[in-house]
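These are the residues of each chain, in order.
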Amino acid sequence: MPASDRRLVAIYPGSFDPLTNGHLDLISRGARLFDNLIVAILSNSQKHAALFDIAERTQMIRDATSAFPNVEVDSFQGLLVDYAAHRNANAILRGIRAISDYETELQMALINRRMRPETETIFLMAGEEYSFISSRLIKEIVTLGGDVSTFVPNAVADRLRAKFSR
Ligand code: PNS
């Protein structure tokens, strides 16, 4: 098959509770590299106290990524490698913000590669202007009454305002 006929499909998995500008930056980089990028929200998360349910997260990510025609938003349960097999993905995309991310990311990438060598994990460096943003901190700030509108896409900021102005 000529190289140009080969479609590169990547999954960008995460909790995305909520999507941040850092995630969006990685999605825009991934959309340039891959033919198809599937943003996949983990729906069997052990993390309690989710701010948004899966339907809300899906809608916010769809709104925030509507400018990227090759980006799809989906959710999955179970093992990421099983979902990658189901979606015929060549790659798992993950972002690295700082050296502190490296250890867990390395562990996940190696275990996923052991379980499914056909799918490579590809790391992109987050844009330095987003390197301090995390969903965990966004959640903390917003529940304590702070303004996070410069850290998240408009679609997310609107939802947060609606949720917390009640
Ligand atoms: O945004 P997060 O919370 O850092 O994303 C973590 C995620 C969803 C990528 C990771 O928890 C995951 O892949 N979970 C699915 C279950 C799984 O496959 N576990 C084994 C290998 S990590």
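See the structure printed just above.
Description of the structure in this document. Predicted model only: the values in this text are computed from it and were never measured.

About the thresholds
- Residues numbered from 1 in each chain as written.
- Predicted model: local features only at pLDDT ≥ 70, side-chain atom pairs only at ≥ 80, totals over all residues.
- Heavy atoms only, no water.
- Helix = DSSP H or I, 4+ residues; strand = E, 2+ residues; numbered from the N terminus.
- Rg over C-alpha atoms; globule rule 2.2 N^0.38 Å.
- Buried < 20%, exposed > 50% of the residue type's maximum accessible area, 1.4 Å probe, protein only.
- Contact = heavy atoms within 4.5 Å.
- Areas by Shrake-Rupley, 256 points an atom, 1.4 Å probe, with all protein chains shown as cover.
- Lys, Arg positive; Asp, Glu negative; His and termini not counted.
- Charge placed at Lys NZ, Arg CZ, Asp CG, Glu CD.
- Phe/Tyr/Trp six-rings, centres within 6.5 Å; stacked < 30°, edge-to-face > 60°.
- Salt bridge = Lys/Arg side-chain N within 4 Å of Asp/Glu carboxyl O.
- Pairing = 2+ DSSP bridges.
- Axes fitted to C-alpha atoms, helices over the stretch in contact; angles between N-to-C directions.

## Here's the deal with the overall build of the chain
The helix and strand inventory of the chain stands at 6 helices and 5 strands. Its C-alpha radius of gyration of 16 Å places the chain within 12% of the 15 Å reference for a compact globule of 166 residues. Projected onto its principal axes, the C-alpha coordinates of the chain cover approximately 55 × 30 × 30 Å. Expressed as a percentage of its 166 residues, the buried residues of the chain come to 42%. Across the chain, contacts joining residues at least 24 apart in sequence account for 77% of those joining residues at least 6 apart. Counting only carbon and sulfur atoms, one obtains 52% of the accessible surface of the chain, whose full area is about 9,600 Å². Side chains of the chain give 19 positive and 20 negative charges; the mean places of these two sets differ by 2 Å.

## Overview of unusual backbone geometry
The peptide bond linking Asp 17 to Pro 18 adopts the cis configuration, its omega dihedral lying at 0°. Its place among the elements puts Pro 18 in the loop between β1 (9-14) and α1 (21-33). Non-glycine residue Phe 16 carries a positive phi angle of around 50°. Judged by its relative accessible area of 3%, Phe 16 is buried. The backbone of Asn 88 shows a phi angle near 55°, a positive value even though the residue is not glycine.

## Structural notes on the packing of aromatic side chains
Tallying each qualifying case throughout the model produces 3 aromatic pairs. Relative to Phe 16, the ring of Tyr 12 lies with its centre 5.2 Å away and its plane at 70°, an arrangement referred to as edge-to-face. Pair check on accessibility: Tyr 12 and Phe 16 agree, each one buried. Taken together, a centroid distance of 5.1 Å and an interplanar angle of 25° make the contact between Phe 76 and Tyr 83 stacked. Taking relative accessible area as the criterion, Phe 76 reaches 7% and is therefore assigned buried.

## Considerations on the pattern of salt bridges
Using the criterion set out here, one finds 10 salt bridges in the structure. Asp 25 is the salt-bridge partner of Arg 29, the closest N and O atoms lying 3.0 Å from each other. Pair noted here: Arg 29 and Asp 25 are both in helix α1, with a separation of 4 residues, about one helical turn. Judged by its relative accessible area of 27%, Arg 29 falls in the partly exposed class.

## As for the sheet that holds strand β4 (residues 91-96)
Pairing is parallel in the open sheet, where 5 strands are placed in the order β3-β2-β1-β4-β5. Whereas interior strands pair on both sides, the edge strands pair on one side only; in this sheet they are β3 (71-76) and β5 (120-125). Put simply, the sheet's adjacent strands are angled 30° from each other on average, direction ignored. Of the pairings in the sheet, the one linking β1 to strand β2 (residues 36-42) comprises 6 bridges and is parallel in character. By the bridge assignment for β2, Ala 10 is matched with Leu 37. Sitting on the sheet, helix α2 (residues 54-64) is in contact with β2 and β3, with an inclination near 155° to β2.

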